Structure formats: structure tokens, C-alpha cells
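Overview (structure and organization)
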Amino acid sequence: MNIERLVTMANDISHYFAADPDQAAGAAAIADHLKKFWEPGMRKQIVAHLAGGGEGLEPLTRMGVQKLAELDNQVTAANSE
Amino acid sequence: MLSIVEIDRGTPAVKSDVQVTLSIDGRSITVPEGTSVMRAAAQAGINIPKLCATDMLEAFGSCRLCLVEIENRKGYPASCTTPVVEGMKVSTQTPKLADIRRGVMELYISDHPLDCLTCPANGHCELQDMAGVVGLREVRYGYDGANHVFAKTKQGDTNPHFVAKDESNPYFSFDPSKCIVCSRCVRACDEVQGTFALTIQGRGFESKVAASQNNRFLDSECVSCGACVQACPTATLSEKSLIDRGQAEHSVVTTCAYCGVGCSFRAEMKGEEIVRMVPNKDGHANHGHSCVKGRFAIGYATHPDRINTPMIRKKISDPWRIVSWEEAIAYAASEFKRLQATYGKFSIGGITSSRCTNEETYLVQKLVRAGFGNNNVDTCARVCHSPTGYGLKSTMGESAGTQDFDSIEQTDVVLVIGANPTDAHPVFGSQMKRRLRAGAKLIVADPRRIDLVRTPHIKADYHLKLKPGTNVALLNTLAHVIVTEGLVDEAFVAARCEPEAFAKWRTFVSQDKYSPEAMEAETGVPAAMVRSAARLYATGGNAAIYYGLGVTEHSQGSTAVMGIANLAMATGNIGREGVGVNPLRGQNNVQGSCDMGSFPHEFTGYRHVSDPVVRGSFEADWGVHLHDEPGLRIPNMFEAAIDGSFKGLYIEGEDIAQSDPNTQHVTAALQAMECVVVQDLFLNETAKYAHVFLPGSSFLEKDGTFVNAERRISRVRKVMEPKARYADWEATQLLANAMGYPMHYSHPSEIMDEIARLTPTFHGVSFDKIDTLGSIQWPCNEDHPEGTPVMHVNEFVRGKGRFMLTEYVPTTEKVNARHPLILTTGRILSQYNVGAQTRRTANVMWHDEDRLEIHPHDAEERGIKEDDWVGVESRAGQTVLRARISERMQPGVVYTTFHFPGSGANVITTENSDWATNCPEYKVTAVQVTRVDQPSEWQKRYQAFSNEQQALLDAAEAP
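Owing to the predicted nature of the structure, the values given are computational and were not obtained by experimental measurement. (Residues numbered from 1 in each chain as written. Chains lettered and ligands numbered in written order. Predicted model: local features only at pLDDT ≥ 70, side-chain atom pairs only at ≥ 80, totals over all residues. Heavy atoms only, no water.)

Observations concerning the overall build of chain B
When helices and strands are counted, chain B shows 30 helices and 36 strands. For chain B, the C-alpha radius of gyration of 29 Å lies close to 30 Å, the compact-globule estimate for 959 residues. Over its C-alpha atoms, taken along the principal directions, chain B stretches across nearly 90 × 75 × 65 Å. Looking at chain B residue by residue over its 959 residues, the buried ones come to 66%. Within chain B, contacts between residues at least 6 apart in sequence are counted, and of these 72% link residues at least 24 apart. Within the structure as shown, chain B displays about 32600 Å² of accessible surface, and the carbon and sulfur contribution to it stands at 51%. Averaged over its 97 positive side-chain charges, chain B has a centre that lies 2 Å from the centre of its 115 negative ones. (Helix = DSSP H or I, 4+ residues; strand = E, 2+ residues; numbered from the N terminus. Rg over C-alpha atoms; globule rule 2.2 N^0.38 Å. Buried < 20%, exposed > 50% of the residue type's maximum accessible area, 1.4 Å probe, protein only. Contact = heavy atoms within 4.5 Å. Areas by Shrake-Rupley, 256 points an atom, 1.4 Å probe, with all protein chains shown as cover. Lys, Arg positive; Asp, Glu negative; His and termini not counted. Charge placed at Lys NZ, Arg CZ, Asp CG, Glu CD.)

A short note on the interface of chain B and chain A
Of the residues lining the interface, 25 residues belong to chain B; the matching set on chain A comes to 21 residues. Carbon and sulfur atoms make up 59% of the surface buried where chain B meets chain A, a total of about 2100 Å² over both sides. Linking chain B with chain A are three salt bridges, by the criterion used here. Of the charged contacts, one joins Lys504(B) and Asp20(A) as a salt bridge, the two residues approaching to 3.2 Å between their closest N and O atoms. Taken together, the links from chain B to chain A amount to nine residue pairs in polar contact (both at pLDDT 80 or more). Looking at the side of chain B that touches chain A, the elements with two or more residues in it are α15 (499-510), α19 (557-570) and α22 (634-642) of chain B. The element best represented in the side of chain B that touches chain A is α22(B), accounting for three residues. Residue classes in the side of chain B that touches chain A are distributed as 11 nonpolar, seven polar and seven charged. (Buried area = accessible area lost by both parts, 1.4 Å probe. Salt bridge = Lys/Arg side-chain N within 4 Å of Asp/Glu carboxyl O. Polar contact = N/O pair within 3.5 Å; in protein donor to acceptor, adjacent residues only side chain to side chain. Nonpolar A, V, L, I, M, F, W, Y, C, P; charged D, E, K, R; others polar.)

Here we look at the pattern of salt bridges
Residue and element names in this part refer to chain B. Summed over all chains, the structure comprises 60 salt bridges over all chains. Linking Glu-335 and Arg-338 is a salt bridge whose minimum nitrogen-to-oxygen distance equals 2.9 Å. Linking Glu-335 with Arg-338, this pair stays in helix α8 (residues 325-343), spanning three residues, or about one helical turn. A relative accessible area of 6% places Glu-335 in the buried class. Beyond isolated ion pairs, a larger network of salt bridges with shared partners links Lys-314, Glu-335, Arg-338, Lys-647 and Glu-674.

A few points about the sheet that holds strand β29 (residues 712-716) of chain B
Residues and elements named next belong to chain B. What the three strands build is an open sheet, ordered β28-β29-β30; its pairing is antiparallel. The sheet is open, and its two borders are formed by β28 (704-707) and β30 (776-777), each paired with just one other strand. Examined bridge by bridge, β29 and β30 share two bridges and lie antiparallel to one another. Residue Arg-712 lies in a different strand from β30, and its bridge partner there is Gln-777. Most of the contacts of helix α9 (residues 358-372) go to β28, to which it runs at about 90 degrees, and overall it touches β28 and β29. (Pairing = 2+ DSSP bridges. Axes fitted to C-alpha atoms, helices over the stretch in contact; angles between N-to-C directions.)

Focus on the UniProt feature "domain: 4Fe-4S Mo/W bis-MGD-type" (unreviewed entry) in chain B
Using the residue numbers shown here, the UniProt feature "domain: 4Fe-4S Mo/W bis-MGD-type" (unreviewed entry) corresponds to residues 249-305 of chain B. Span residues 249-305 of chain B is 9% helix and 35% strand, its end C-alpha atoms 28 Å apart. (UniProt positions renumbered as here; feature names shortened; annotations may be inferred.)

Focus on the nonpolar core
All names here are of chain B. Formed by 70 residues in total, the largest nonpolar core has its most connected members in Leu-237, Met-432, Leu-442 and Phe-699. Take this core: its biggest share by element is four residues, from helix α12 (residues 426-437). Among residues more than four places away in sequence, those in contact with Leu-237 are Phe-172, Ser-173, Phe-174, Cys-185, Phe-217, Cys-228, Val-229 and Cys-232. Residues Ala-333, Leu-363, Ala-381 and Leu-549 belong to the second largest nonpolar core, which totals 63 residues. (Core = buried A, V, L, I, M, F, W, Y, C linked by side-chain atoms within 4.5 Å.)

Observations concerning the domain arrangement of chain B
Interface size is often expressed as the accessible area that is lost when the parts come together. All names here are of chain B. Structurally, chain B comprises domain 1 (19-134), domain 2 (172-302), domain 3 (311-384 + 589-760), domain 4 (398-583) and domain 5 (821-942). The centre of domain 3, based on its C-alpha atoms, is set 30 Å off from the matching centre of domain 5. Contact with domain 3, which involves 18 residues of that partner, is made by 27 residues of domain 5. Carbon and sulfur atoms supply 48% of the area buried between domain 3 and domain 5, which totals about 1900 Å² over both sides. When the buried surface of domain 3 facing domain 5 is broken down by residue, Arg-355, Gln-658 and Gln-664 rank first, second and third, together holding 32% of it. Viewed at the interface, domain 5 and domain 3 are joined by 17 residue pairs in polar contact (both at pLDDT 80 or more). Listing elements by their share of the side of domain 3 that touches domain 5, those giving two or more residues are α22, α23 (656-659) and α24 (663-672). Along the lines of polarity and charge, the residues of the side of domain 3 that touches domain 5 split into five nonpolar, six polar and seven charged. (Domains from an automatic or database assignment.)

Let's talk about unusual backbone geometry
A cis amide bond links Trp778(B) with the next residue in sequence, Pro779(B), at an omega value of 0 degrees. With respect to the helices, strands and loops of the structure, Pro779(B) is situated in the loop between β30 and β31 (821-826).

Comments concerning the environment of Arg535(B)
Locating Arg535(B) in the fold gives a position in helix α17 (residues 527-539). Excluding its chain neighbours within four sequence positions, the residues that come into contact with Arg535(B) are Glu485(B), Leu487(B) and Gly540(B).

Quick notes on α19(B)
Residue and element names in this part refer to chain B. With 14 residues, α19 extends 20 Å from end C-alpha to end C-alpha; this agrees with the ideal 20 Å at 1.5 Å per step. Of all 14 residues in α19, 14 are buried; the element is thus mostly enclosed. Positive phi appears at Gly-572, one or two residues downstream of α19, with a value of about 70 degrees. (Expected span 1.5 Å × (residues − 1).)

So, the side chain of Arg369(B)
All names here are of chain B. Its place among the elements puts Arg-369 in helix α9. For the buried residue Arg-369, which engages in no salt bridge, the nearest side chain bearing the opposite charge is Glu-602, 7.7 Å off. At 2.8 Å, the side chain of Arg-369 forms a polar contact with the side chain of Gln-365. Only 3.0 Å separates the side chain of Arg-369 from the side chain of Asn-375, close enough to count as a polar contact. In this structure Arg-369 touches Asn-374, Asn-375, Val-377, Gly-597, Ser-598, Phe-599, Pro-600, Glu-602, Phe-603, Val-609, Trp-622 and Leu-626, once residues within four positions along its chain are discounted.

Concerning the pairing of strand β34 (residues 878-885) of chain B
Residue and element names in this part refer to chain B. Note that strand β32 (residues 851-854) and β34 share four bridges and pair parallel. Across the sheet, Ile-854 pairs through a bridge with Ile-885, a residue of β34. Two strands pair when backbone bridges link them, and strand β33 (residues 869-873) and β34 are joined in this way by five bridges, in the antiparallel orientation. Residue Val-872 lies in a different strand from β34, and its bridge partner there is Thr-879.

Considering the environment of Asn708(B)
Residues and elements named next belong to chain B. Mapped onto the fold, Asn-708 is located in the loop between β28 and β29. Sequence separation between Asn-708 and Pro-387 is 321 residues; the distance between their C-alpha atoms is 17 Å. Within polar-contact distance, the side chain of Asn-708 engages the backbone nitrogen of Arg-712 at 2.9 Å.

Some details on the packing of aromatic side chains
Residues and elements named next belong to chain B. Going through the model one piece at a time under the given rule, you end up with 28 aromatic pairs over all chains. For the pair Trp-505 and Phe-803, a centre-to-centre distance of 4.7 Å together with 35 degrees between the ring planes defines the contact as tilted. In this pair, Trp-505 sits in helix α15 while Phe-803 sits in the loop between β30 and β31, placing the two residues 298 residues apart along the sequence. An identical accessibility class is assigned to Trp-505 and Phe-803; each is buried. Ring geometry for Phe-618 and Trp-622: centres 5.0 Å apart, planes at 75 degrees, overall edge-to-face. Remark: Trp-622 and Phe-618 occur in helix α21 (residues 612-622); sequence separation between them is four residues, near one turn of the helix. Taken together through their ring pairs, the aromatic side chains of Tyr-171, Phe-172, Phe-174, Phe-217, Phe-296 and Trp-846 make up a single cluster. Taking NZ or CZ as reference, Arg-448 lies 3.7 Å from the ring centre of Tyr-895, over its face. Seen from the ring of Tyr-343, Lys-647 lies directly overhead, with NZ or CZ sitting 5.0 Å from the centre. (Phe/Tyr/Trp six-rings, centres within 6.5 Å; stacked < 30°, edge-to-face > 60°. Lys NZ or Arg CZ within 6 Å of the ring centre and 35° of its normal.)

Rendered as C-alpha cells:
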């Protein structure tokens, strides 16, 4: 999928959660939102994009996507056990 | 003319805790205090003669036919205007009463045509019935004197009292020669519809019914709701369909397939032919009222444009080939299987319809999840009310409105934000207007001056004329005032809401930046007005919020919904009658399609696919392994199609090529797919890009249920056989079987039984129970066996209410030198959504093209005059419409509707969307408007493509 569109969508999400004064909580909420509502292929793409430098991702979005990467890895790890 | 099956008790039912017992003709009867003698008699089985009385209207007392005698009272009081009194003794028939009534009828008939045998009301005329009831045997006055009946006098001169028939309205005729001046039509227009278009003009014998200032009906303020036609006791106002076809012989209760009000109707039938639609007096959503669409605009169901045979083609440039159902289904299934084999399991998906029944919607999502083996299913609620689901679930715990419509009868302050009920939800709009006329206060937040702001006997206390895209800013300023001026209902919040979240929110909205003064430049709403409106909402008694797509279809749609829920919780306006948060749903079954698990991330009843217990229950029932990850949403499907990973789509009853934003992007996605299956009544815009066409069935051709904006589940009943052999649920079942996932339902009630089995909020629902109760508001289960009119009564569905932070994030869609105006979109009373239905009816007489509404100042700057062709250009595309100069707009904002595909309203709208749900930002697009003299490039291409597709349809060959 068009990565620029995904970056915009991810930033849109982080703009909402930026209101939370607790940044870590905000990042966790972003990750949770992505996990709940984004199809796995889209999640994989945004995580890969972050790994490749994450152009266009704003700071809080990056934190959220990083968290998402951890969440998704956990699940993958759990499934492969 | 009233319904052929309803009993008219003369005056409306009255509610009272006090019961009164009286005697009528020696029979003892007990009724609530305030009931009329006429209604009490009717309840005892005694039908007092009447003409000007009907229980859809307040008593009037003008016809003098319903007189009675009451012991120890003088004279002959009218039973319709006389309330019952304890111990009263009434006689409804005495020699004197018989004399008076015969005398009255004699006068009526002396000025009425005697063409009963050829009259449309014949067989159901109240005047004729009353002549029979009173035993009228002669008319001593003759017919030669002054009258309203004949065009010429006996001497051959023009009769000054005679008025010719008015046939201007496409759906009903007005024949003043048959009028008895009972005022029922005038009162229906006032009391029921609230338009006040009709009046009695002149006095005494000169009295006559007039529309507006003696206009033709079509040219008057009449909105063609038909309440007057229903109320008319004679053939003065008659449906043209009744005139054409004669009286119906049977009547079937069903539910309207237009907007989210979900009116109950009686389809009055002769065999399989509809004579007329009459709103059901017992309908819980509409109480016997309707609008021009539901009552009259049903001709689309039998329109010649309907395609009643399946068709297939390899490429969209090929002519269609008419095939059997078997071949069409086999082809679609083999293509879907080929795509999955070539591109993977996740390369196909489906879209469920908010126009189809719950049972049909449920089957489509089941086909996708169980048959396709993925969760790539979505529904058109994506582009309208998905933020409602997200926002209300986050704050209160359930993705639905909190009240029933009747709750407004207890409301003191009505806050309407981003909704236009008199156009988009007209029957509820009428109910709201009735409440406002009775004294409730009104706050309207809307960029446009919608009708509700100023309409007969109603004036908004505050019109917060905000700039498009600033809903969240405005809601935050309202919250700021409520919090900083100490107007929070602390007791409610302490008892019912999460304290930490509330404390966070209180701090958040108290920030100076959200004071009305600080935000005034952003929202455009004067700070003093915001403060007054906030105080009124917080302290004016029961306050209820009604909102629509003007809230949801924004980049911050979900945030705004949460902002609304926050306001209601902070002021304690939740959990009882008269208050609440009320999303006005767009299409008939938007609520139902969402309830049915149409979203890619959740099963029925809004339960996430990753929940192992929920998923397990479906796996056990459906006998398959189900995927535990969310699938693609509609806009994601388009993106995936364009990048080549999404190849096939089954679309039931939605026209994404017209209704979804950024049309050129949508059509590019459709063209990138290898198998698009469209199931619809017509070759709609999307079907022009389809490879398989499966003919759909109208709501008249199937059994099922719809859920309206109040969570009300109502029955849709089949009144005629499907024109294309199968109802939509049957077509889905055929496709599922061909895909190798067996389905064997023999009736939609079995599908509802399965839904009930698997969905906690529907546990108690069955067709039998709906038939018994009339309708049911979910949740309906062990705890609420008869349904739930008001939600969150003692606690929120999620336990404690959760205040959510609602930072205002301005949209990226901003005006600049190139695009200096904001375009916002909406709808109009006579047309419905993409117009596929209403454009194929006489409703085009009110609205036959989409216009661009522009403020006189903006128009003058650009040299634009009324009716000029204007180009509207955004960063997404360009289209051309005709201008309408309108002071309803604020300077800087233009508006259009999207009912006609050639208008290309969605060529201009962009891919911007709600952060949480991807609901498109239809309501805010930066545009430039210029005078032009030819259609846009897109429109030329559209016209050429449409002509080509029409030719391919015309060339369709039977095997």
C-alpha cells in the first residue's frame, strides 16, 4: 500500500493521543489502536518503514509504531512457540 | 384517506395516572383522565358519528356530527371536545341527536358532488359512511343554489365558488369540489408535519383550503409528506395511485427502506400491486407519520431500469452477457477461488449493505469470514457513522445512541449539531419541531442556517454558526464553560464515571486555550454566545444532543463524538428519558449493518475478532477456523487494489463509485481488480466497473429486519415475489455454497435465530417476538426481555463512564490562495443518498440537479449569478455545477448535495479521513469556484464512459 498514505494515517492517530500528558501512555495507546484496527499487512508495512528510517513519521508516531513492533513480535513469538 | 385496516377512535390517546369511570349508553367504561367522550365510547365499541375528528389530530369540534347528550348538562356537547368526568352518563343516540345529525349531513351533502360510484374514495369515504350512519334520505335544499361543486352555474355562468382540481403534485390530487372544510388537512400540516403550509382561507361559505398564498400545491411551502392526504375524510386529497388503481384489498405492515428513522408502514395492496403506502399509526418510530420519500417515492421498485437477470463479462470493456443464476454464481465463485489461489487468501473481500436487512448483512460478513477465510469485510457505515461506533464505545461502552425518539417528549433543551433533521430525518424532525413548539429550547451548531434555525413557530435560541472543521474546538469551548463556571453535575460524575479520566479531562478542557474567547477566531462563534449556550445546555433541565454526519464526516469525527459524550456525562444528561446522545443515522439499516459484524475488526455485537472466547463461539457454530486479525476497511481495500494485492470484491447494495470520496481514486481501484461482483437493483455507477451483476431485491420482495437510529429492530415483510427470483440473502447463500462453504437457510427467521444465539445484545430477539411486540430496541436479552428504550440507566454499559481527551487538531484541508473556499456537502428532503432510488421517482420534481450553494458576497466577487455554471476545483479534482445564491451559507463556505452521479460532488472530496476509523472528511474540502461555460474534463470522461457502459448493457445478449 502507498506508504505515504499509511504514514499520514499513523500521524493522524498520534495527533489524537498526543493530548495525553503521559507520553508513554500515548505511545501505548497508538500501538493498541494500530493493533486493533489495522490489517496485519498494513502494520507490517509501517513497522518496516520505521525500521528503514521512518521518513515522515512524527516523534510520537515513531514511539507508537515502535511499541506496535514489540506487540506484534510478541504475538509472533508466542505463536511460534 | 386513512388506512383500510386501522380503527380511528376520533381523538388521540391520553396518558394519565388517574382513571375515570363513566357510563356511555348504559355501558360502564374506565379510561385515563383527559380522554374525550368520543374516544371513551370508541373503546367501549360505540362509534359516534364524526367527520372533523380523527385520532391523528387534536379534537377540533367543527363538524357538529359527534354531538351527544349528557345527563344533567344542557344542550348537545360535541363528544370529541368533551373530556370524560367521573360518573358521567352519556347517551350517543336519541331522537333529537338523530334529527340534528341528519340535518347537518343534509347541509354537507347539499354542497357535495354525488358521483360516489366513480369517486376514488368510494368504499372508504367517511362522508359517504356518515350519510349512511345518520340515515340521510333526502336533501331538501337541492343542488341549484350557491355551491362549490359545479364549474358553471345553472345559468351557464362561471361559478365563482368553484375551484378546479390541482394536479400539480406528482403524488396526490386536490379536488376542492369535494372538500367539506373539516380542516383535517390543515391541522395535519400544522400538528403532525409542522410545516404550516395549508390554511382555511375566507369565512363562512367562502371558506376553502389553500396552500400557502393560494398557490398550487407544488409551488407552495408544502413538503409533500402526505399527512393531509391521509387525514382527508373524502376524496378531496387523494393519492394518484389510489385514483389509478382503486381501493386496496389487504394491508401488510413493513418498514421503510429510506432513512434511519425507520418508519413503520402499511403497504396497502391489491394482490402483488401496491396501491399506496400508509404510515402505521402503531409504528413506534413514526406514530403514523411519514415523509415524501417513504410514502410516495417507491416507484423505483418497479422501475424499468431494474435489471432482473444475472449478467457476466470477462472485462469491463466487454458487452454484458445475460446468464442463468447458476452460471453467474459459478463464474463469480470460480473467479474468487482463482484469485485466492493466485494472489492469496487475503486478496478478496466483501462489502455489506446498510440498505439490506440484518439477515442479509449478516450472511455477507459470514460468507467473507467463514467462506473467504479472511476478515476483509466492511460496510458503508465506514463512510458515515463509524466514528459514532468508536466514540460512543470508548466513552460509554456501546456503539449506539442512548434513547428512543419519544424520549424527546421529556426534553427541555435540544442541542442539534451537524444534523439537519427536517431534511435528512424528516419524520423525527417533525417530532422535534412539535416538542420545540411546546416550549423546549433549541441550540443549533451548524455552518449553515438549516431550516430548524427559523421555521414556523420555532426559532433557535442560539445558532452557533461555526466554520466547517471546528466541531471539536467548539465542543471543547462548551466543555470549558461548563467546567470553569462550576456547571458540572458533580454527583453524577462521582457516582457514574471513572474519577482519574474525569480529573484529566477537567484539567484538559479548563486550559485557557479552550476558552470561548480564545477559540473565537478559530470557530467563528462569538464567545458570549458559546457561554450562553453552554449554560443553557448544562442548566436548562433535560438536555439531549442530536447529531449527524456533520459531526462524524471529519478528520476528527471520532474525537467530536467523544466530545459530545463528555458533555452529556459532565452534565448528567445520560441514563433517563429526555436526555442522551442521539446519532441520527443516515440509511435505513446503518445501525443494523454495524450491529451485524460488518466491520473488519469485529463480530456481531461489536466484539473484536481477536477475542478468543467470542471467536471460539463463532468457530463452534460455523464449523470453521476463523482469522483473528482485523481485515481491510473500504479505503484500505482501494489502496490495496491500486497496489495490486487486492483483486476481488463482492459488493451488496452499495454504490462506492458515487458515494465514496475522491471518485477518481475509487474508480482506479475498481479498474485494478479482476473480479468485481455487484448485487444491486440497478446498473449503478459501481456496476459499470463490475464483471458480475447479480440482481438485487427491493425491501418489498423479502422478509427480514432493519435496525433504526434508536436501536429499534423492526420487521420488513415480503409483499411481492422477488422480481429476479431470489431475495438478496438467497443470492449470498448461493455464492457461499458455490465457494464451498455450505449454507442452508430456508427463511430469514432462521438467520435471526443464529444472530440471537451468537450475540448477547440480541439473545432475546426472534421474528415471533418482534411480531408480538411490534418492534424491539436492543439490547434484548435475559436482563431486558422486551428491549431497552433508554440505555446506561443505572450504570454505563462499560461500567463507569470514561471521559476522553479531545484535543482540537485542525484539519490539513485548509484554505489558501488557490483554494480559498470551503466546500461542505449534505442532503435534501426529496432525494436519498446516491439517488439511485429517488432519482427514479417523481421526487425529481423538487430536486432534479445538485446545485452549488454560494453566499451572495462570494458569488459577486466571482461574477457568479443564479443558475450560472460554475467550476468547483479542489486538489482532488474538478466538476461543474449550477450556482444557487443563498444567504443560508456563510461567506467563505459553499455547499452541495451528492444525489446525482454526473454532478461529481465526490470528484472534489479528498482522501482525508477520521483518524480513528478512516471515515472520510466529506464535510471539509478547500475549493475554488469560477464561472465556466462547459462541463469539467471529468464530467466529459464520465459521460463518455457512462454512454459506453449503457451501450454494453443494451448489447447484453441472452444465451
